[in-house]
Amino acid sequence: MTKTLADLIEDVLPQTQCSKCGYPACRPYAEAVAIGSAAINQCPPGGIEGVRRIAALTGHAVIPINPANGFERGRPVAFIDEQLCIGCTLCIQACPVDAILGAAKQMHTILPSLCTGCDLCVAPCPVDCIVMFPVTGDATGWDGWTQAQADAARERHDFRTRRLERERLENDARLAAKAIAKLRAVNDEAANTAQELAEKERKRAIIAAAIERARAKAATPPAED
């Protein structure tokens with residue numbers, strides 16, 4: 001299969017999924033660069049080497065990383081102070097590559113080998129128990145990150161995206177089934193007086209509106225992570 005320019009650009013991104021480029025993930029940024037709506041220097045994790053790789057694909061001149069997006073640095077790894085963690089799961093929800101283990105009201109921990117150093121888990125933490133430790137020394141950008149690590153991070157991000165979409169669809173299906181069952185129950189209710197009939201119709205209208213909202217939601221494509 002012939003790859004598009006967006007495909008080729010995505011292939012040379014570090015796949016940290018950090019959103020520092022101004023887009024929610026590496027793929028949307030690659031698509032924006034391909035159509036010319038984003039510059040080639042908006043990916044700090046890729047550093048100047050990443051800019052060179054994109055420039056080679058697009059024919060643009062190599063330019064420094066835009067400081068508005070951040071700065072090239074050594075790759076960090078997140079660390080959770082387990083004594084402070086309250087088990088809120090906000091960091092788990094924020095992690096784009098499923099590098100955090102834990103459950104509600106239980107201590108969380110980072111899997112260092114999976115962490116891309118995206119920083120996205122830091123801001124949501126309500127108790128400031130997450131810190132970022134540099135692990136690559138003086139090696140920055142692609143010098144501190146391998147293609148194998150990028151490929152693995154991309155695979156985990158894509159798997160997480162598919163999992164979240166599957167869970168969303170399953171939850172929507174459960175809610176729809178409950179609404180239909182509730183509507184049937186209301187339809188079976190006796191209504192012997194005008195007041196009872198009005199109350200029955202009120203319930204029917206509420207449930208019907210909820211079902212219609214669910215149908216509209218299901219027809220709307222989900223926003224990309």
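As a starting point, this report considers the structure included with it. (Residues numbered from 1 in each chain as written. Predicted model: local features only at pLDDT ≥ 70, side-chain atom pairs only at ≥ 80, totals over all residues. Heavy atoms only, no water.)

**Regarding the packing of aromatic side chains**
Spelled out, the test is: Two rings belonging to Phe, Tyr or Trp (six-membered ring only in the last case) form a pair when the distance between their centres is within 6.5 Å. Interplanar angles under 30 degrees mark stacking, angles over 60 mark edge-to-face geometry, and anything in between is tilted. Using a 1.4 Å probe on the protein chains alone, a residue whose accessible area is under 20% of its type maximum counts as buried, one over 50% counts as exposed, and one in between counts as partly exposed. For the purposes of this entry, the term helix denotes a DSSP run of H or I that reaches at least four residues, the term strand denotes a run of E that reaches at least two, and both are numbered from the N terminus. For a ring to carry a charge above it, either NZ of a lysine or CZ of an arginine must fall within 6 Å of the ring centroid while also lying within 35 degrees of the normal to the ring plane.
Going through the model one piece at a time under the given rule, you end up with two aromatic pairs. Each ring, one from Y23 and one from Y29, has its centre 6.0 Å from the other, and the planes form 40 degrees; the classification is tilted. Assessed through its relative accessible area of 23%, Y23 is described here as partly exposed. Ring plane angle 40 degrees and centroid distance 5.9 Å describe the contact between F79 and F133, whose orientation is recorded as tilted. Of the two residues, F79 sits in strand 1 (residues 76–80) while F133 sits in strand 4 (residues 130–134), which places them 54 residues apart along the sequence. On the accessibility criterion, F79 (43% relative accessible area) is partly exposed. Residue classification places F133 among the partly exposed residues on the basis of a relative accessible area of 46%. The residue whose ring lies beneath R53 is W142, and the NZ or CZ to ring-centre distance is 4.1 Å.

**A look at a nonpolar patch on the surface**
Heads up, the rule is: Each patch is built from residues lacking any salt bridge and having more than 30% relative accessible area; the joining distance is 9 Å for like charges and 5 Å for nonpolar side chains (Val, Leu, Ile, Met, Phe, Trp, Tyr). Per-residue and other accessible areas were derived by the Shrake-Rupley procedure at a 1.4 Å probe size, with only the shown protein chains allowed to occlude residues. We count a salt bridge whenever a side-chain nitrogen from Lys or Arg sits within 4 Å of a carboxyl oxygen from Asp or Glu.
Where nonpolar side chains cluster on the molecular surface, the patch consists of F79, V131, F133 and V135 and spans about 360 Å² of accessible area. Position of V135 relative to the elements: it lies in the loop between strand 4 and helix 5 (147–188). Judged by relative accessible area, which is 47%, V135 ranks as partly exposed.

**A closer look at the layout of surface pockets**
In this approach a probe as big as a water molecule rolls over the atoms, and the regions it shows empty are the leftover space. Test applied: Points on a 1 Å grid over protein atoms alone make up a cavity when a 1.4 Å probe fits among them but cannot get out, and a pocket when they form an open set with protein on both sides within 12 Å along at least five of seven lines; lining residues each have an atom within 4 Å of a point. Grid points are joined across faces, edges and corners, and a volume is the space filled by probe spheres set on the points. When residues are sorted by character, Ala, Val, Leu, Ile, Met, Phe, Trp, Tyr, Cys and Pro go into the nonpolar class, Asp, Glu, Lys and Arg into the charged class, and all the rest, Gly among them, into the polar class.
In this structure, the largest pocket occupies an estimated 220 Å³ of space. Taken together, D172, L175, A176, K178, A179, K182, I207, A210, I211, R213, A214 and K217 form the lining of the largest pocket. Partitioning the lining of the largest pocket into residue classes produces seven nonpolar, no polar and five charged. When its volume is computed, the second largest pocket comes out at roughly 180 Å³. Forming the boundary of the second largest pocket are 14 residues, of which P45, R73, G74, R75 and P76 lie nearest the centre. For the lining of the second largest pocket, the residue count by class is five nonpolar, six polar and three charged.

**Comments concerning the environment of R213**
The topology assignment puts R213 in helix 6 (residues 194–219). Take R213: its relative accessible area is 57%, and that puts it in the exposed class. In this structure, the C-alpha to C-alpha distance between R213 and K3, residues 210 residues apart in sequence, is 38 Å.

**Digging into unusual backbone geometry**
The residue S19 is not glycine, and still its phi comes out positive at about 70 degrees. A relative accessible area of 30% places S19 in the partly exposed class. One non-glycine residue, D119, lies in the positive phi region at around 75 degrees. Structurally, D119 can be placed in the loop between strand 3 (109–110) and strand 4.

**Concerning the side chain of Q17**
Worth spelling out the cut-off: Under this definition, polar contacts are N or O atom pairs within 3.5 Å; protein pairs additionally need one hydrogen-donor-capable and one acceptor-capable atom, and for neighbouring residues in sequence, both atoms have to be side-chain atoms. In this description, contact between two residues means that some pair of their heavy atoms is separated by no more than 4.5 Å.
The topology assignment puts Q17 in the loop between helix 1 (5–11) and helix 2 (26–35). By relative accessible area, Q17 is classed as buried at 3%. There is a polar contact of 3.0 Å between the side chain of Q17 and the backbone nitrogen of C26. Apart from residues no more than four positions distant in its own chain, Q17 is found in contact with A25, C26, P96, V97, L120, R154 and H157.

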